[in-house]
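Structural overview for review
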Amino acid sequence: MTHKILAILLLLAAGQFTHVFAQQVFTEQGVSIDFSVASKPIAGEEAAVRFKITSANDGVPLSNLRPVAWIDRRESAQVSTTRQCRDKVQQFLQSSFTKRPTLDLNAYFVLALNNEANISVIDPISGFGGSKLYTLIPLKTPGEDWVITDNNKRVYVSMPQSNQIAVVDVPTWNVVANIDAGVKPTRVALQHDQRYLWVGTNDGVTVIDTVTAKQVAQIKTGAGPHEIVFNDDDSIAFVTNKAAGTVTLIDIRKLAAVSELKAGSKPIAVVFSSLSKSAYVANEDDGTIFAIGGPKRDVIAQIKTSRHTHAQHHARRPLRSRHQHGQEPRLHFRSFFESRGSHGAGWSRLGSDQLHEEFRLRSFSQYRIRDADQHRGPGERSARDEFSRGTKSAG
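Given the structure is predicted, the values throughout are model-derived calculations rather than measurements. (Residues numbered from 1 in each chain as written. Predicted model: local features only at pLDDT ≥ 70, side-chain atom pairs only at ≥ 80, totals over all residues. Heavy atoms only, no water.)

Now for the confidence of the model for the protein chain. With 70% of its residues at a pLDDT of at least 70, the protein chain reaches an overall mean of 75. Below a pLDDT of 50 lies the segment residues 1–20, which in the model reaches 55 contacts outside its immediate sequence neighbourhood of four places, other chains included. A low-confidence stretch, residues 307–395 stays under pLDDT 50, and its non-local contacts, those more than four residues away or across chains, total 206 contacts. (pLDDT = per-residue confidence, 0-100. Contact = heavy atoms within 4.5 Å.)

In this structure, Leu111, Ile119, Leu139, Trp146, Val155, Val157 and Trp173 are the most contacted members of the largest nonpolar core, which totals 16 residues. Of all the secondary-structure elements, those providing two or more residues to this core are strand 6 (109–113), strand 7 (118–122), strand 9 (145–148), strand 10 (154–159) and strand 11 (164–169). The residues touching Ile119, leaving out its near neighbours within four places in the chain, are Leu111, Ala112, Leu113, Asn114, Thr135, Leu136, Ile137, Leu139, Trp146, Val157 and Val168. Listed in part, the 14 residues of the second largest apolar core include Val205, Val207, Ala217 and Ile228. (Core = buried A, V, L, I, M, F, W, Y, C linked by side-chain atoms within 4.5 Å. Buried < 20%, exposed > 50% of the residue type's maximum accessible area, 1.4 Å probe, protein only. Helix = DSSP H or I, 4+ residues; strand = E, 2+ residues; numbered from the N terminus.)

This paragraph deals with the pairing of strand 19 (residues 246–251). With six of six residues buried, strand 19 lies mostly within the body of the structure. Side chains Thr246, Thr248 and Ile250 project from strand 19 onto one buried face, and the interleaved Val247, Leu249 and Asp251 project onto a second face that is buried too. As paired elements, strand 18 (residues 236–241) and strand 19 share six bridges and run antiparallel to each other. Directly across from Asn241, in strand 19, lies its bridge partner Thr246. Following strand 19, the chain reverses through four residues before pairing antiparallel with strand 20 (residues 256–262); Leu255 in that reversal takes a positive phi of roughly 50°. (Pairing = 2+ DSSP bridges.)

A word on the sheet that holds strand 21 (residues 267–273). Reading across from one edge, 21-22-23-24 is the order of the four strands in this open sheet, with antiparallel pairing throughout. The two strands at the open ends of the sheet, each matched to only one other strand, are strand 21 and strand 24 (298–303). This sheet shows a mean twist of 25° between the axes of neighbouring strands, independent of strand direction. Taken together, the five bridges between strand 23 (residues 289–293) and strand 24 define a ladder with antiparallel strand orientation. Note on strand 24: the bridge partner recorded for Ala291 is Ala301. (Axes fitted to C-alpha atoms, helices over the stretch in contact; angles between N-to-C directions.)

The following block contains the structure:
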């Protein structure tokens, strides 16, 4: 079935797709493929290619498939036969430099935030001369934390040594702006609507408008380090203040702090549950989880956890500035993929001489590792991951 679907996709893309900006449905052997290009392709500009695989009988999406797809130039006016498509599929699966498609829709990149002042862009599928390094993105100073927009167009990187946020344009792999962000920016977080970028600093949080790439507010909070999360409608930001032992609630529309709640001695992680409409804050010292919600947005519950859970949360610390604490910050490994055929990337914080050759990353997952010598495998999750999964399930 897999090989047949591959042939169908190639046949659809290379043989019969005469109006590439229109939607087309191809059906064969009970499988229906809805193939479309979002807008008319123009040379030098990007186009979004999408396909949906469903059952031809009832329209139910087919699961447990790993489709791959290519677009290749048709050399003659005659429509390609199924046999020709199958032959091309076999050629493309060989990853040969001499027989490559016009467009490979399965390509993706892995990004490594290095200990040096740069980001490595790796092409894990193809390489040259034994290296899979595609390019290096230079930064003003080493990066500490980063976040990507939902459309995979921008990456925002905090740089504590230069007190700025670097804005990386993904299609060109260039830094297009360096935005002043306050003293020692570390943690970064994007709202769900992507309008504001929030940055944890020594003085509280800095808010940056992603449209204008300018700072719009600096809001004082308790002493950090900070973790930041938002409720579903982006009306409230929850900011943990570890050293102060509090959580600051900020009205996003007014860009002003509205309350500061006590949340144990060392609040270290925070998540928001869409089901319970509450934020859950984990405390490092005793493992207590504080639930913040209700009409008054106050502490509505304190959940005692076992000693084992306490140990897990104690092991998970926020990223630290190497200069503040005299040691390398805790490392993190993150990946993002919309689909196998999307323009995706994975993230890791490792020295450029410590990159791993294998980048089999799971979709929408986050892993943390203690140092470059202890590479956490895809089956291992950090305390924060377990905390996030647990609260989403419980909420």
